[in-house]
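Architecture at a glance
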Amino acid sequence: MRSLLKLKFLQLRNALVRGERKKFALFLLLGLFFMLVLGFFFHSLFGYLANVQEFPQVFKVFLAEKLLMMIYMTLFSMLLLSALLSSLDVFYISRDLHFLFSTPMPVRSAFAWKMVETAVYSSAMVVFFSLPVLFFYCRHFAPGPGQVAQVLLAFLLFVACGVLAGILLGLVIPAFFSVRRLQPVLSVFSIILISSIVVFLRLLRPERFLEPNEIDNVLRYMGSLDMKAMVYFPFSWLARAMSLAAGGRSAAYWKTIALFILLASFLLALVFWLRKRIYLKLFDKLNRGGRGTYRSRWRPTRLESDLRPLLRKEWKTFLRTPAQWSQLLIVGALVAVFVINMKMIPLPHPSVKNFVSYLNLVMAVFIVAGLNSRFTFTSIPGEGPGQVHILSSPCPKGAFFRFKLWFHLLPLLLVGFALYALGDLALRFDAFTRLIALLFLAPAIVFLTVLSLELGIETNETNPLSPEHVIVSKQGISYMLWSMIYVVGGMLFLARPVGVYYWRLFTRQAIPYLEIAAWFAGFLLLNAFLTWVFYRKGKRLWLAREI
């Protein structure tokens, strides 16, 4: 085990020595940004709840407990599915398994090391999202050192139970299904489940927690969440343990901790029992070869001026890559939450409606930027070793570059304007907001698509491990940061003409149409220049690429 830990340390050190410091620095900055956003949200939420004078302290802790149960129900689902998928990969498909099993290291030590890997990989995101929740809950409800220690102990046991349950399922499932066929399907299923949970939680309208004038409605709402079946799940135990720690009820707290320990011990014993009984047999079964039966119906066609084979290739790649389906499901969940928010936001004054309409356009561009990060940015590296066939084919390299751009740009324009249309149906935009949509959405989507394609070519990945591996590269993190800077900068750039128009309209003064037109023209010219620069750079990089 010590040798394996040393190996991981050397891998990290070599990555830093090879010049990946900027990648880690960008990744750290992006993580800090999301941490600050989550921290601000939970600080406001728990701070408001703790300082509401109309609620007694017992009721505040009760509300916080139910809120925590909702949060950790989502995170437990993510943890369980992540541990399941990671265990299938780490215990059966990982490239170093054959080497580890051929060394003098006992199988139990290699198995324990793989358990540690699975725990780290699957719990990292859950721990990351939980840090702001734990910090600000302890700050407002359990500030004492002993209370903080109790909350952290309960959280660690919660993570251990989720990871062990996922590993247990990952060891049992290959006895009935093929891992290589099942893993993509489970990935899609996990995305469906998580997306459904996100939409479900939004439909519950948790903002009703913070309505002091509707205490009766809140009580009824909390009563509807008090399902008897939930008391058997670790996320309910964690919320209960944190509530008991905040209330200083030590006896009941340690009873809950005992439940965690019993469940974790039982799951751990089952995992090691399965390791002795079936793990090596299933590993050997998985690594046996089989006879292929699929015969391709593809026939060669001319490529000089006909791009239909490329279109067919992209279509088949999409159909045969379930990981890409999951991204569309995530987008569907975001769109559903997007529309629900538009319908539920109170609009007491037309000025609030205009402000929300403007933010609607910004959110549409943010969603398109996320799609570019997953699809357009990874499209060139995703070709992998197949780039050799593309570069050696009769198809001109410039035509292939333009094909990639248009293949991703047209659907993204459709998505962006579909989001705008949904917002228009929900809020009934005025004529000026519709004009802003045309002037803001189209140039922004074009620029972000060109930028993502250029940075994707700049990665120069010829055999990436996965799209996720490309996304977290230095160029992938750079695209995330630059796209956020661009969207915020564009919003601030247009804030001046939009503010002038609505202020003059509100005060019934003459509207300076020439000034507004000048700002809009400046925005279009700046976008055109940036798009031209990155288009030329991306095309030059692609034309300079050799086999």
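Just so it is clear, the structure is predicted and the values come from calculations on it, not from any experiment.

1. Some thoughts on the overall build of the protein chain
Secondary structure assignment for the protein chain yields 19 helices and zero strands. A buried classification covers 46% of the 547 residues belonging to the protein chain. A separation of at least 24 residues holds for 82% of the contacts in the protein chain among residues at least 6 apart in sequence. Entry remark: accessible area of the protein chain is about 29600 Å², with carbon and sulfur atoms responsible for 68%.

2. Side note on the environment of Phe141
Position of Phe141 relative to the elements: it lies in helix H5 (residues 107-141). Residue class for Phe141 comes out buried when judged on its relative accessible area of 5%. As for Phe141 and Ala245, which are separated by 104 residues in sequence, their C-alpha atoms are 8.9 Å apart. Leave out the neighbours within four places in its chain, and Phe141 touches Phe46, Leu49, Ala50, Gln57, Lys60, Val61, Ala64 and Ala246.

3. Section: the nonpolar core
Formed by 65 residues in total, the largest nonpolar core has its most connected members in Phe46, Tyr72, Phe141, Phe158 and Leu171. Looking at this core, the element that brings in the most residues is helix H3 (residues 57-93), giving 16 residues. With near-sequence residues (within four places) excluded, Phe158 lies in contact with Tyr72, Phe76, Leu79, Pro234, Phe235, Leu238 and Phe260. Listed in part, the 40 residues of the second largest apolar core include Phe375, Phe440, Ala444 and Ile511.

4. Let's talk about the environment of Val533
Structurally, the position occupied by Val533 is in helix H19 (residues 513-544). Each C-alpha atom, one on Val533 and one on Val450, is 9.6 Å from the other, the two residues being 83 residues apart in sequence.

5. Thoughts on H3
For H3, which comprises 37 residues, the first-to-last C-alpha distance of 51 Å matches the rise-based estimate of 54 Å (1.5 Å per residue) to within 8%. Burial analysis of H3 places 30 of its 37 residues in the buried class, which makes it a mostly covered element.

6. Side note on the pattern of salt bridges
Inspection of every chain in the model, using the stated rule, returns five salt bridges. Close ionic contact of Glu454 with Lys537 constitutes a salt bridge, the shortest N to O distance being 3.7 Å. Of the two residues, Glu454 sits in helix H16 (residues 431-459) while Lys537 sits in helix H19, which places them 83 residues apart along the sequence. Given a relative accessible area of 32%, Lys537 falls into the partly exposed group. Through salt bridges with shared partners, a single ionic network connects Glu454, Glu458 and Lys537.

7. What to know about helix H18 (residues 474-507)
Compared with an ideal rise of 1.5 Å per residue, which puts 34 residues at 50 Å, H18 spans 49 Å between its outermost C-alpha atoms and is within 8% of the ideal. By the largest-angle criterion, Ala495 marks the main kink of H18, which is about 35°, and a proline, Pro497, follows within four residues. Among the residues trailing H18, Arg508 stands out with phi positive, at a value near 60°.

8. Quick notes on a nonpolar patch on the surface
Residues Met363, Phe366, Val488 and Leu492 make up a contiguous nonpolar surface patch of roughly 340 Å² in combined accessible area. The set of elements that each furnish at least two residues to the nonpolar patch consists of helix H13 (350-379) and H18. On the secondary structure map, Met363 appears in helix H13.

9. Regarding the confidence of the model for the protein chain
Averaged over every residue, the pLDDT of the protein chain is 76; the share at 70 or more is 73%. With pLDDT under 50 throughout, residues 290-294 is counted as low confidence; its partners more than four residues away or in other chains account for one contact.

10. Some words on unusual backbone geometry
Of note, the phi angle at Arg508 is positive, near 60°, even though the residue is not glycine. The residue Arg508 is located in the loop between H18 and H19 in this model. Note on Arg508: relative accessible area 79%, which makes it exposed.

11. So, the packing of H16 against H19
Here H16 crosses H19 at 20°, and the two axes come no closer than 8 Å. On the basis of the axis angle, H16 is roughly parallel to H19. Handedness of the H16/H19 crossing: left-handed. By residue class, the composition of the contact of H16 with H19 is 21 nonpolar, three polar and three charged.

12. Some thoughts on the packing of H5 against helix H9 (residues 234-247)
Relative to each other, H5 and H9 sit at 30°, their axes nearing to 10 Å. If you check the angle between H5 and H9, you find them roughly parallel. Judged by the twist between their axes, the crossing of H5 over H9 is right-handed. Here H5 contributes Leu134, Tyr137 and Phe141 to the contact with H9, which in turn contributes Met242, Ser243 and Ala246. When the residues that make up the contact of H5 with H9 are grouped by side-chain class, the tally is five nonpolar, one polar and no charged.

13. As for the side chain of Thr531
Relative to the helices and strands, Thr531 resides in helix H19. Given a relative accessible area of 15%, Thr531 falls into the buried group. When neighbours within four sequence positions are excluded, Thr531 is seen to be in contact with Val446, Phe447 and Val450.

14. Comments concerning the environment of Leu422
Considering the arrangement of structural elements, one finds Leu422 in helix H15 (residues 397-427). Exposure remark for Leu422: the relative accessible area of 31% places this residue in the partly exposed category. Residues Leu422 and Asn360 lie 62 residues apart in sequence; the distance between their C-alpha atoms is 9.7 Å.

15. A short note on the side chain of Glu454
A relative accessible area of 1% places Glu454 in the buried class. Beyond its immediate sequence surroundings of up to four residues, Glu454 is in contact with Phe534, Lys537, Gly538 and Leu541.

Parameters at a glance
Counting restarts for each chain, with residues numbered from 1 along the sequence as it is written. Where local features are concerned, this predicted model is filtered to residues with pLDDT of at least 70; where side-chain atom pairs are given and counted, the filter is 80 or more; whole-chain, interface and lining totals use all residues. By convention in this description, side-chain values take in all heavy atoms of the structure and omit both hydrogens and water. Per the convention used, a helix needs a DSSP run of H or I reaching at least four residues, while a strand needs a run of E reaching at least two, with both numbered from the N terminus. The buried label applies to any residue whose accessible area, calculated with a 1.4 Å probe on protein chains only, is under 20% of its type's maximum; exposed applies above 50%, and partly exposed to all values in between. By the convention used here, residues are in contact when the closest approach between their heavy atoms is within 4.5 Å. For accessible areas, the Shrake-Rupley method is used with a probe of radius 1.4 Å. Any residue's cover is judged against the shown protein chains and nothing else. Among the buried residues, those of types Ala, Val, Leu, Ile, Met, Phe, Trp, Tyr and Cys that are joined through side-chain atoms within 4.5 Å form a nonpolar core. By this rule, a helix spans an expected 1.5 Å times one less than how many residues it contains. We define a salt bridge as a contact between a side-chain nitrogen of Lys or Arg and a carboxyl oxygen of Asp or Glu at a distance within 4 Å. Two axes are fitted around each residue, one to the seven residues ending there and one to the seven starting there, and the angle between them is reported as the bend at that residue. Residues enter patches when they are more than 30% accessible in relative terms and free of salt bridges; like-charged ones are connected within 9 Å and nonpolar ones (Val, Leu, Ile, Met, Phe, Trp, Tyr) within 5 Å. As a per-residue measure, pLDDT tells how confident the predictor is, with possible values from 0 to 100. To define axes, lines are fitted to C-alpha atoms, for helices over the stretch in contact only, and angles between the resulting N-to-C directions are given on a 0 to 180 degree scale. Working definition: roughly parallel below 35 degrees, roughly antiparallel above 145 degrees, roughly perpendicular at 65 to 115 degrees, and oblique for all remaining angles. Handedness of a crossing follows from how the near helix is turned relative to the far one, being left-handed for an anticlockwise turn of less than a right angle and right-handed for a clockwise one. Just so you know the grouping, Ala, Val, Leu, Ile, Met, Phe, Trp, Tyr, Cys and Pro go in nonpolar, Asp, Glu, Lys and Arg go in charged, and all remaining residues, Gly too, go in polar.

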